[in-house]
Amino acid sequence: MVSLQNVSSGYNGQEIIKDASISFEKGTITTIIGKNGSGKTTLLRTASGLLKALSGKVLLNGRNIKEHSSNEIARQISFLPQTRITPEISVYNLVMHGRFPYMGFTRISQEKDKKAVEDALAKMGLAEYRDRNIQTLSGGERQKAYLAMVLAQDTDIIFLDEAITYLDINHQFEILNIILQLKKMGKTLVMVLHDLNSALTYSDRICLMDKGRIILYASSEKIVESRELERVFHVNCCPVAMDGESTQYVFTLKKD
Amino acid sequence: MNIWQKFFTRISSGKDIRKHPVIIAAVFLGLLVLGVFLSITMGSVRITISEILSVLFRPDPSSMAYRIITYIRVPRTIAAVLAGSGLSVAGAVLQSVLNNSLASPNVIGVNAGSGLFVILIAALFPSYIMFTPVAAFIGAMLAILLVYFIAKLTGASRMAVVLSGIAVSSFIGAISDTILTIWPDTAINHVHFAVGGFSGVTMDHIGFSLWFIIPALITAFILSYDLNILSLGDETARSLGMKAGLIRFIFLTTAALLAGSVISFAGLLGFIGLIVPHAARFLIGHNNRLVVPFSALLGSVFTLFCDLLARVLFAPYEIPVGIIMSFLGGPFFIYLLFRQRKRRVYG
């Protein structure tokens, strides 16, 4: 489990997130939402150990994350950034890179690494794409390939930065359903999303941020009830019951 | 269809061949052996096979064949192999680490940095000329770090690396020219050094550089898989547990060692480090675990044959091998720029 205690963090000594305290619960999906520049990605990077906190503590399984080696962290936390360099490599080799934290000095993959890669490819439905150059894949297929790499990394905690941005609606649903599958496997998922409806629909907990501070950390229903969402984004939020079962959320811009 | 027909069919289609690195390695090892043989036998004085055999098994130090083979052809051949493999691996490493297909020792200012320090030693401290490889390495390392930090501070885009390389090369080149203007009688032939070549190379020149080149090549081979991880970008590499900053520094040091050591005996050879890694990727794909050793192999073969051309093209006159490489490298660089533009346009 990852938790932050009074963490301030940012770049070049400048604070972007201030005094953040939060605990991401095991086996849940938490989505961080907020306006552009509110510190969502900074929070994600700090919680994953990629960005050092300026003050406060980040705890990984009860121990300060600074006390863990980079390899130890990589075996427990995976992070998929929003912007990535896409090298000219096959899907199989990309997914094998997920096994890097488990490889020895020789960097030679063992049987268990190959099995983890095959499992990840099968779970993502990418077995037939294994020899394809990832640069030739569509945005949705490429995202699945990167998720397969994350799956092969076999960590309990997964951080995803805007995993469905730039994807068409079908691929968005596909990726979100994969995220639900990962949760069913017992993984803890923390992600940044701009699509408020998807965030409220697919998450167990929502972390609402504004100007570098965590405003609310609660379930979707409580977030909507609090009307903080409407204040922060300056929108009206209207829950709509679909098929008498699930609830979707429609947003309109406030007119004042 | 025999194996050769299959090979050339695959080469021309450019598809399946990448799955057969063993065949490609065998072909280029064969070419390397042929290149070494031709490099020893060809030149202003032809050496026959029987003369080679007699030098090997009945050495007569007073014979002309013995002296030519031992003091001219063998050092020259070793120099070509080392320079080709060293600069090509340096290019492959730099292209991956800086994530820039246009990066190579001469493009990003490494040659200029090495050149400056070699000229400094030759002009100001000629009695320490034996430390030329160390000076060349320091110059290469300073130039790499300077370009790297300028590019990082100005946005770290692919173009920023190339442009800062050009700026650093130009600035350092001006310092070198100033030194040569004030001290025209330096201990090195400046024109020969600037163009690059292997004529006059002796085992003494190579011997000291070997201590740097061989460990640097071994380091690059061992860590070649890490280049694959680095090519995913810093953030992803770090999330996979890699100490990206440290590994990048090790690779930059390795590239500087390779380039600096080669420059110390071969001069400012250009474009091998640019062309050869691309040729290797064309043949065996983008897995750096293969690209690095294949760059070494292809670089050796390419340099050996360029040197042979330099010797026989206008025989009995010899042109510096650097000229041949620049003739081939200039158009190739332009081809790469067009290919990048095409990729941007067509996605």
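Here the structure is shown first, and the text comes after it.
Reading the values: the criteria
Residues numbered from 1 in each chain as written. Chains lettered and ligands numbered in written order. Predicted model: local features only at pLDDT ≥ 70, side-chain atom pairs only at ≥ 80, totals over all residues. Heavy atoms only, no water. Pairing = 2+ DSSP bridges. Helix = DSSP H or I, 4+ residues; strand = E, 2+ residues; numbered from the N terminus. Axes fitted to C-alpha atoms, helices over the stretch in contact; angles between N-to-C directions. Contact = heavy atoms within 4.5 Å. Core = buried A, V, L, I, M, F, W, Y, C linked by side-chain atoms within 4.5 Å. Buried < 20%, exposed > 50% of the residue type's maximum accessible area, 1.4 Å probe, protein only. Patch = residues over 30% accessible without salt bridge, like charges linked within 9 Å, V, L, I, M, F, W, Y side chains within 5 Å. Areas by Shrake-Rupley, 256 points an atom, 1.4 Å probe, with all protein chains shown as cover. Salt bridge = Lys/Arg side-chain N within 4 Å of Asp/Glu carboxyl O. Phe/Tyr/Trp six-rings, centres within 6.5 Å; stacked < 30°, edge-to-face > 60°. Lys NZ or Arg CZ within 6 Å of the ring centre and 35° of its normal.

Colleague: Would you mind showing me how to read the sheet that holds strand β7 (residues 157–161) of chain A here?
Modeller: Either a parallel or an antiparallel arrangement is found when strands of a sheet pair, and the pairing is made through backbone hydrogen bonds. All names here are of chain A. The six strands are arranged β6-β7-β8-β3-β9-β10 in an open sheet whose pairing can be described as mixed. Both edges of this open sheet fall to β6 (77–80) and β10 (213–218), since each of them pairs with a single strand only. Averaged over all pairs of adjacent strands, the angle between strand axes in this sheet comes to 15 degrees, irrespective of strand direction. With four bridges joining them, β6 and β7 adopt parallel strand pairing. For Phe79, the partnering residue across the bridge sits in β7 and is Phe159. Along the sheet, helix α5 (residues 139–153) contacts β6 and β7; its crossing angle with β6, the most-contacted strand, is approximately 170 degrees. Sheet strands in contact with helix α6 (residues 169–184) are β3 (29–34), β7 and β8 (188–192), and its direction is about 150 degrees off that of β8.

Colleague: Even after reading the chapter, I still don't get the nonpolar core, so can you show me in this structure?
Modeller: Side chains of a nonpolar character, in soluble globular proteins, are inclined to be buried together. Core analysis: the largest hydrophobic core is formed by 139 residues, its most contacted members being A:Val91, A:Leu160, B:Leu94, B:Ile108, B:Phe198 and B:Leu269. With twelve residues, helix α12 (residues 244–266) of chain B is the largest single contributor of residues to this core. Here A:Val91 is in contact with A:Leu121, A:Leu126, A:Tyr129, A:Arg130, A:Arg132, A:Ile134, A:Leu137 and A:Ala145, once residues within four sequence places are set aside. If you look at the next biggest cluster of nonpolar residues, it comprises 25 residues, including A:Val7, A:Ala20, A:Leu50 and A:Ile65.

Colleague: I tried to follow the pairing of strand β9 (residues 205–210) of chain A on my own but got confused; where do I start?
Modeller: As a general feature of sheets, a regular strand has side chains that alternate between the two faces. Residues and elements named next belong to chain A. Among the six residues in β9, five count as buried, and that is most of the element. Summarising the sheet, β9 and β10 pair through five bridges and their orientation is antiparallel. Considered in β10, the bridge of Met209 is made with Ile214. Linking two consecutive strands that pair antiparallel, namely β9 and β10, is a turn of two residues; a positive phi of about 50 degrees is found at Lys211 within it.

Colleague: Would you mind going over a nonpolar patch on the surface with me for this structure?
Modeller: All names here are of chain B. Taken together, the side chains of Leu124, Phe125, Tyr128, Met130, Phe131, Ile182, Trp183, Phe208 and Trp211 present a nonpolar region at the surface, about 990 Å² in accessible area. Along the chain, the position of Phe208 falls in helix α9 (residues 203–222). Overall, the relative accessible area of 33% leaves Phe208 in the partly exposed class.

Colleague: Explain unusual backbone geometry to me, please; I cannot follow it from the model alone.
Modeller: Peptide bonds are mostly trans, and most non-glycine residues show a negative phi. All names here are of chain A. A positive phi angle, near 50 degrees, is found at Asn6, a position not held by glycine. By secondary structure assignment, the location of Asn6 is in strand β1 (residues 2–11). You can call Asn6 partly exposed: its relative accessible area is 44%. In this model, Arg227 sits at a positive phi of 65 degrees, which is unusual for a non-glycine residue. Residue position: Arg227 is located in the loop between α8 (220–226) and α9 (228–233). On the accessibility criterion, Arg227 (55% relative accessible area) is exposed.

Colleague: Looking at this model, I keep getting lost on the sheet that holds β1(A). Mind explaining?
Modeller: Residue and element names in this part refer to chain A. If you trace the four strands from one edge of the open sheet to the other, you get β2-β1-β4-β5, paired in antiparallel fashion. Two strands bound the open sheet, and with one partner strand each, they are β2 (14–24) and β5 (63–64). Sheet analysis places β1 next to strand β4 (residues 55–60), joined by five bridges and oriented antiparallel. By the bridge assignment, Val2 is partnered in β4 with Leu60. Against the sheet, helix α1 (residues 40–47) contacts β1, β2 and β4, and its axis sits at roughly 120 degrees relative to β1.

Colleague: Would you explain the packing of aromatic side chains in this entry?
Modeller: For any two aromatic rings, the description comes down to two numbers: the centre-to-centre distance and the angle of the planes. All names here are of chain A. Per the stated rule, a full pass over the model turns up six aromatic pairs over all chains. Ring geometry for Phe24 against Phe159: centres 6.2 Å apart, planes inclined by 85 degrees, an arrangement best described as edge-to-face. Remark: Phe159 occurs in strand β7 and Phe24 occurs in strand β2; sequence separation between them is 135 residues. Across the pair, Phe159 and Phe24 agree in class, each one buried. A cation over a ring is seen here: Arg99 above Tyr102, with NZ or CZ 4.1 Å from the ring centre. We note Arg205 situated over the ring of Tyr217; from NZ or CZ to the ring centre the distance is 4.4 Å.

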